[in-house]
Amino acid sequence: MRSDIVIIGGGPAGLAAAVAAAKYDPSLDIMILERDAELGGILNQCIHNGFGLHTFNEELTGPEYAERFEAQLPDLGIKFMLNTMVLDVASSSVTAVNSDQGLFNIECGAVILCMGCRERPRGALNIPGLRPAGVFTAGTAQRLVNIEGYMPGKEVVILGSGDIGLIMARRMTLEGAKVKAVCELMPYSGGLKRNIVQCLDDFGIPLFLSHTVIDIKGKERVTSVVIAEVDSNSKPIPGTEEEITCDTLLLSCGLIPENELSRAAGIKINPSTNGPVVNESFETSIKGIFACGNVLHVHDLVDYVSEESARAGISAAKYVKSSSFGEDCSVIEIKAGTGVRYTVPSFIRLGEIDDNVTVRFRSGNVYKNSYVDVLFDGEQKYHRRKQIITPGEMEQVILKKEDLEKAAGEITVAITES
Amino acid sequence: MEIRELTCINCPMGCRITVTMDGSAIISVEGNTCKRGDTYARTEVTAPVRTVTTTIKVTGGVVDRISCKTKEPVPKDKIFEVMAAINKSTSLAPIKTGDVLIEDCAGTKVPVVATKTVDKV
């Protein structure tokens, strides 16, 4: 089998990359490989609204957002295979398996990694206590309620205030469950402020910051959890323990990009994002392999995933069609300065950007009334005031090509407190 | 003068909006970065509304349940009545995204529409 571009994963990133590549050059043969029984990825279970304001200028639910992209596939001649698991990736070939064709190989011009991310499960969190039934990741509960139609429990405590946890606090409440508490280890929420308002405040669900679960009780099924306040080193403070009766504990404690295939292929991984190191074209350390969406870095907003993925799709199309792609060797490195955990991209090749380049980043802490600074070879070029910067909300700076042309070799993005 | 601090829920930007009120009259709306924010703030301090998104039972389809939403936001205090009405209903496949599943949900005059397509078995 042969395709010009093979896309691994048919979620929001894969769909947007495929559509953009096909629109850029309709003659390209594009194949999406999806392990689930339908396209759309996690959007299928994100039945809440708030998607698409940037991309479609209207407020859509997750399934509607996915459908907007899926509807374009037939006309653009984009092919896809469902129930297909990719086993191995190299720059010019992808090995996969499914029930119809067994093990097969696709020779290709470029690969786009769009595998998304995975939730951190109980085993990765080291929560003490017994191991009864009733402990779920928030995303698992979301799938059970929204797609399978099963309620995972009646009395719920949620650990972690990531967006999925907040969304599930509301969802479980709407379906008749009692959500007794949301506990967050950090002194700030990991989710979007709007979700605190519309998912917790609307329903009077308490959010305990600087709190964690220190014990899970119950022999067959969860009967209660013990929560406690933590100090600045995240250690439980004696005397603050509180036992909460419940039958379900949901975990919303972070997402990890799913990069087993990338690592096996030898792609360089950024330890801060757990995703590939990429340049302005979303190309990884291996030529011809691109990455976008949550496999690259975890996003809060699907609209940004679509935007980045479109760029990755177009880059892959250019790579397949042009032998001179990326041959301009003037490379500028972007460094994460004070307060900034990481930036995407990590490198900019001047020859491959149009008028400007969007650099996205996350902060390592909460900053109020501070500034986002961009330094070109140590000299301040951008200085923008921000009312609030939190690790839960991705930030961005847009750098102009004309400014970049003046930079010699290094750009630093930093947060300065006033 | 009463000052109300709101977080706009229209989009994930979550703008912090300050509404200054004199009794029930709105004197000023500040902090929003788009028109939606202004509308949200004015509605939120007078008659708050929310879009309800949930699922509905399906018969005769390739799946037993699909996602749906109220086509317009409904009054906040009607959310649970809307949920109860949707949970009592069943829709017959095939259903296309946008199809009206309930005409007037729980007396709100707002229809419930499908947000996913489901084929017949």
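Residue numbers here run from 1 along each chain, matching the order of that chain's written sequence. Each chain is given a letter, starting from A, and each ligand a number, starting from 1, according to the order in which they appear as written. Side-chain atom pairs in this predicted model are given and counted only at pLDDT of 80 or more, local residue features only at pLDDT of at least 70, and totals for whole chains, interfaces and linings cover all residues. Excluded from the side-chain calculations are hydrogens and water; all other atoms, namely the structure's heavy atoms, are used.

So, about the overall build of chain B. Strands here mean DSSP runs of E at least two residues long; helices mean DSSP runs of H or I at least four residues long; both are numbered from the N terminus. A count of helical and extended segments in chain B gives 2 helices and 10 strands. The N-to-C order of helical and strand elements in chain B reads β-β-β-α-β-β-β-β-α-β-β-β. For this measure, only C-alpha atoms enter the radius of gyration; the expected value for a globule follows 2.2 Å times N^0.38, where N is the number of residues. Relative to a compact globule of 121 residues, whose C-alpha radius of gyration would be 14 Å, chain B shows 18 Å and is clearly more extended. Its C-alpha atoms give chain B principal-axis dimensions of roughly 60 × 30 × 15 Å. Relative accessibility decides the category of a residue: with a 1.4 Å probe and only protein chains considered, values under 20% of the type maximum give buried, values over 50% give exposed, and everything between is partly exposed. Burial analysis of chain B (121 residues in total) assigns 45% to the buried set. Throughout, a contact is declared for two residues whenever any of their heavy atoms are within 4.5 Å. Long-range contacts, defined here as pairs at least 24 residues apart, represent 45% of the contacts in chain B between residues at least 6 apart. Carbon and sulfur atoms make up 52% of the accessible area of chain B, which totals about 6,200 Å². When charges are tallied, Lys and Arg are placed among the positive residues and Asp and Glu among the negative ones, while His and the ends of the chain are skipped. We put the charge of a Lys on NZ, of an Arg on CZ, of an Asp on CG and of a Glu on CD. Averaging the positions of the 17 positive and the 14 negative side-chain charges in chain B gives two centres separated by 6 Å. Per-residue and other accessible areas follow the Shrake-Rupley method at a 1.4 Å probe size, with only the shown protein chains counted as cover for residues.

Here we come to the domain arrangement of chain A. All names here are of chain A. Segmentation of the chain into domains, including their bounds, is taken from an automatic or database domain assignment. One can read the domain layout of chain A as domain 1 (1–117 + 255–327), domain 2 (121–253) and domain 3 (328–418). Computed over C-alpha atoms only, the centres of domain 1 and domain 3 are separated by 25 Å. Each side of the interface is counted separately: domain 1 has 23 residues, and domain 3 has 21 residues. Joining two parts hides part of their accessible area as seen by a 1.4 Å probe, and the buried area is that hidden amount summed over both. Interface area lost by domain 1 to domain 3 is led by Glu280, His297 and Asp300, which between them contribute 28%. Definition used for salt bridges: Asp or Glu carboxyl oxygen within 4 Å of a side-chain nitrogen of Lys or Arg. In this structure, Arg349 engages Glu283 in a salt bridge whose closest nitrogen and oxygen atoms are separated by 3.3 Å. The element contributing the most residues to the side of domain 1 that touches domain 3 is helix 9 (residues 302–321), with 4 residues. Tallied by class, the residues present in the side of domain 1 that touches domain 3 amount to 7 nonpolar, 9 polar and 7 charged. The classification used treats Ala, Val, Leu, Ile, Met, Phe, Trp, Tyr, Cys and Pro as nonpolar, Asp, Glu, Lys and Arg as charged, and all other residues, Gly among them, as polar.

Next up on the list: the packing of aromatic side chains. All names here are of chain A. The aromatic pairing rule takes the rings of Phe, Tyr and Trp, using the six-membered ring of Trp, and pairs them if the centres are within 6.5 Å, calling planes under 30 degrees apart stacked, those over 60 edge-to-face and the rest tilted. If you walk through the whole model with that rule in mind, you get 8 aromatic pairs over all chains. Centroid distance Phe56 to Phe69: 5.8 Å. Interplanar angle 65 degrees. Geometry classified as edge-to-face. Linking Phe56 in the loop between strand 3 (49–51) and strand 4 (60–61) with Phe69 in helix 2 (residues 62–70), this pair joins segments that are 13 residues apart in sequence. Residue Phe56 is classed as partly exposed on the basis of its relative accessible area of 24%. Taking 6.3 Å as the distance between ring centres and 35 degrees as the angle between the ring planes, the aromatic pair formed by Phe376 and Tyr382 counts as tilted. An identical accessibility class is assigned to Phe376 and Tyr382; each is buried. Three or more aromatic residues joined by ring pairs make a cluster, and in this case those are Phe56, Tyr65 and Phe69.

For the rest of this paragraph, the subject is unusual backbone geometry. Here the amide bond leading from Val344 of chain A into Pro345 of chain A is cis, since omega sits at 0 degrees, within 30 degrees of zero. Following the sequence through the fold, Pro345 of chain A ends up in the loop between strand 23 (340–344) and strand 24 (347–349). Residue Ala93 of chain B is joined to Pro94 of chain B through a cis peptide bond whose omega torsion reads 0 degrees. By the element assignment, Pro94 of chain B lies in the loop between strand 8 (90–92) and strand 9 (100–102). Positive phi, normally seen in glycine, also occurs at Phe282 of chain A, with a value near 65 degrees. Mapping Phe282 of chain A onto the fold places it in the loop between strand 20 (275–276) and strand 21 (289–291). Residue Phe282 of chain A is classed as buried on the basis of its relative accessible area, which comes to 7%. In the Ramachandran plot, Asn369 of chain A falls in the positive-phi region, its phi being about 45 degrees despite a non-glycine side chain. Along the chain, Asn369 of chain A falls in strand 26 (residues 367–376).

Another point: the interface of chain A and chain B. On the side of chain B, 27 residues touch chain A, which itself brings 32 residues to the contact. Here chain A packs against chain B, burying approximately 2,600 Å² in sum over the two surfaces, 53% of which is carbon and sulfur. Area buried by chain A at its contact with chain B is led by Leu174, Arg194 and Asp202 of chain A, which between them contribute 20% of it. At the junction of chain A with chain B, the criterion picks out 4 salt bridges. Among the salt bridges present, the one from Glu38 of chain A reaches Lys116 of chain B, with a minimum N-O distance of 3.2 Å. Polar contacts, as counted here, are pairs of nitrogen or oxygen atoms within 3.5 Å of one another; within protein the pair requires one atom able to donate a hydrogen and one able to accept it, and residues that are adjacent in sequence qualify only if both atoms are side-chain atoms. Counting the contacts that link chain A with chain B gives 13 residue pairs in polar contact (both at pLDDT 80 or more). Ranked by residues supplied to the side of chain A that touches chain B, first place goes to helix 7 (residues 193–200) of chain A with 4 residues. A class-by-class count of the residues in the side of chain A that touches chain B yields 11 nonpolar, 10 polar and 11 charged.

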